[in-house]
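Each chain is listed here by its residues.
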Amino acid sequence: MDADRIKWNKRFESQDSFLGEHPSPFLAREIERIKSLVPGLNALDIACGEGRNSLFLARHGFKVTALDISDIGLAKGRNRAQTEGVNVEFLRVDLDGHIIKERYDLILNFNFLQRDLIPSEVASLNPGGLLLFDTIMASELLLQTHDPAYLLQPGELHRIFAALGGNILYSEESCSCDMPTARLLFRKKRATPFRPYPPAATP
Ligand SMILES: C[S@@+](CC[C@H](N)C(=O)[O-])C[C@H]1O[C@@H](n2cnc3c(N)ncnc32)[C@H](O)[C@@H]1O
């Protein structure tokens, strides 16, 4: 939606680094577990903003595709990637109605909520692939400034992923601050190993 692009471009223009240069603490905390579990190194960062998490993954050896609607956010991500000498494919995409066509071993969905995209994210994971989700939940304070459609309800993230054919390896809601957050680490089912029909026993 053009309104989203304009709104986020303004935000990203307003400061050198609107979301900071460090990766999400959840991603930084989980990176070693992620590296030990992922079936491969193809990663997708959904609504990557200025690319703080995409760059972090690239530094950890992932081949990263990063999608966002804001050309300003993407340009900042590309500049940082060039300065750091890492490779990230930053692409301008409107995720509203978007269908993910490629397959990935790891998907990040941080600080962005588009509920109808979640099944498509899971469908585009390779077997055994991981999805990290971390976004804000509704609170009285946030409901004064945010559209409720973009805020999770308590228990909602866990409920969505519990129905999606995999294992929830970690799930947490932190409700004690002005910015309550739900985060979750999901692993798609691995392919069932092929078991040949046992041959008939020889007499
Ligand atoms: C709060 S920022 C999160 C950025 C990043 N995930 C992070 O945590 O650093 C939300 C991002 O969603 C992007 N966005 C909003 N609507 C979008 C849409 N329809 N399609 C693609 N990106 C969108 C914005 O441009 C912005 O970069």
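Caption draft 1: Highlighting the packing of helix α3 (residues 52-59) against helix α4 (residues 71-84). Following both chains from N to C, one finds α3 and α4 inclined at 25°, their axes separated by 10 Å at the closest point. Of the possible angle classes, the one that applies to α3 and α4 is roughly parallel. The interaxial crossing formed by α3 with α4 has right-handed handedness. Residue-level contacts link R52, L55 and R59 of α3 to G77, R80, A81 and E84 of α4.

Caption draft 2: How the structure looks around the side chain of S70. Following the sequence through the fold, S70 ends up in the loop between β2 (63-68) and α4. On the basis of relative accessible area, S70 is assigned to the buried category, the value being 0%.

Caption draft 3: Quick look at the nonpolar core. Within the largest apolar cluster, 24 residues are counted, with the highest numbers of intra-cluster contacts made by L27, I34, L57, F62, L106 and L132. Mapped onto this core, the elements with two or more residues apiece are α2 (25-37), α3, β2, α4, β3 (88-92), β4 (104-110) and β5 (125-136). If sequence neighbours within four positions are ignored, L27 has contacts with I34, N53, F56, L57, L108, F110 and L132. If you look at the next biggest cluster of nonpolar residues, it comprises 23 residues, including L113, V122, L152 and F186.

Caption draft 4: Up close: the pattern of salt bridges. Summed over all chains, the structure comprises 12 salt bridges. Measuring nitrogen to oxygen at the nearest pair gives 2.8 Å for the salt bridge that ties E30 to R33. With E30 and R33 both in helix α2 and three residues apart, this pair spans about one turn of that helix. A salt bridge links D134 to R183; the nearest nitrogen and oxygen atoms lie 3.3 Å apart. Of the two residues, D134 is situated in strand β5 and R183 in strand β7 (residues 181-188); the sequence distance between them amounts to 49 residues. R183 shares its class with D134; the two are buried. Three or more residues joined by partner-sharing salt bridges are found here, namely D2, R5, D71 and R92.

Caption draft 5: Up close: helix α1 (residues 2-14). Here α1 spans 18 Å end to end across 13 residues, near enough to the 18 Å set by a 1.5 Å rise per residue. Turning to α1, its buried residues are R5, N9 and F12. Buried residues of α1, seen end-on, are gathered within an arc of 70° and therefore sit on one face of the element. Away from its buried face by more than 90 degrees, α1 exposes A3, K10 and S14. Against α4 and β3 lie the buried residues of α1.

Caption draft 6: Just the pairing of β7, in detail. Burial analysis of β7 places eight of its eight residues in the buried class, the great majority of the element. Both β5 and β7 contribute to a ladder of seven bridges, which runs antiparallel. The partner of L130 across the bridge, within β7, is R187. As paired strands, strand β6 (residues 166-174) and β7 are joined by eight bridges and run antiparallel to one another. Residue pairing in the sheet places S174 in a bridge with T181 of β7.

Caption draft 7: Layout of unusual backbone geometry. Even without being glycine, A47 reaches a positive phi, approximately 50°. Inspection of the secondary structure assignment puts A47 in the loop between β1 (42-46) and α3. Owing to a relative accessible area of 18%, A47 belongs among the buried residues under this scheme. Despite not being glycine, N111 has its phi angle at roughly 55°, a positive value. Locating N111 in the fold gives a position in the loop between β4 and α5 (118-123). Overall, N111 belongs to the partly exposed group, its relative accessible area being 44%.

Definitions and cut-offs
- Residues numbered from 1 in each chain as written.
- Predicted model: local features only at pLDDT ≥ 70, side-chain atom pairs only at ≥ 80, totals over all residues.
- Heavy atoms only, no water.
- Axes fitted to C-alpha atoms, helices over the stretch in contact; angles between N-to-C directions.
- Helix = DSSP H or I, 4+ residues; strand = E, 2+ residues; numbered from the N terminus.
- Parallel < 35°, antiparallel > 145°, perpendicular 65-115°, else oblique.
- Left-handed = near helix turned anticlockwise from the far one by under 90°.
- Contact = heavy atoms within 4.5 Å.
- Buried < 20%, exposed > 50% of the residue type's maximum accessible area, 1.4 Å probe, protein only.
- Core = buried A, V, L, I, M, F, W, Y, C linked by side-chain atoms within 4.5 Å.
- Salt bridge = Lys/Arg side-chain N within 4 Å of Asp/Glu carboxyl O.
- Expected span 1.5 Å × (residues − 1).
- Arc of directions from axis to C-beta.
- Pairing = 2+ DSSP bridges.

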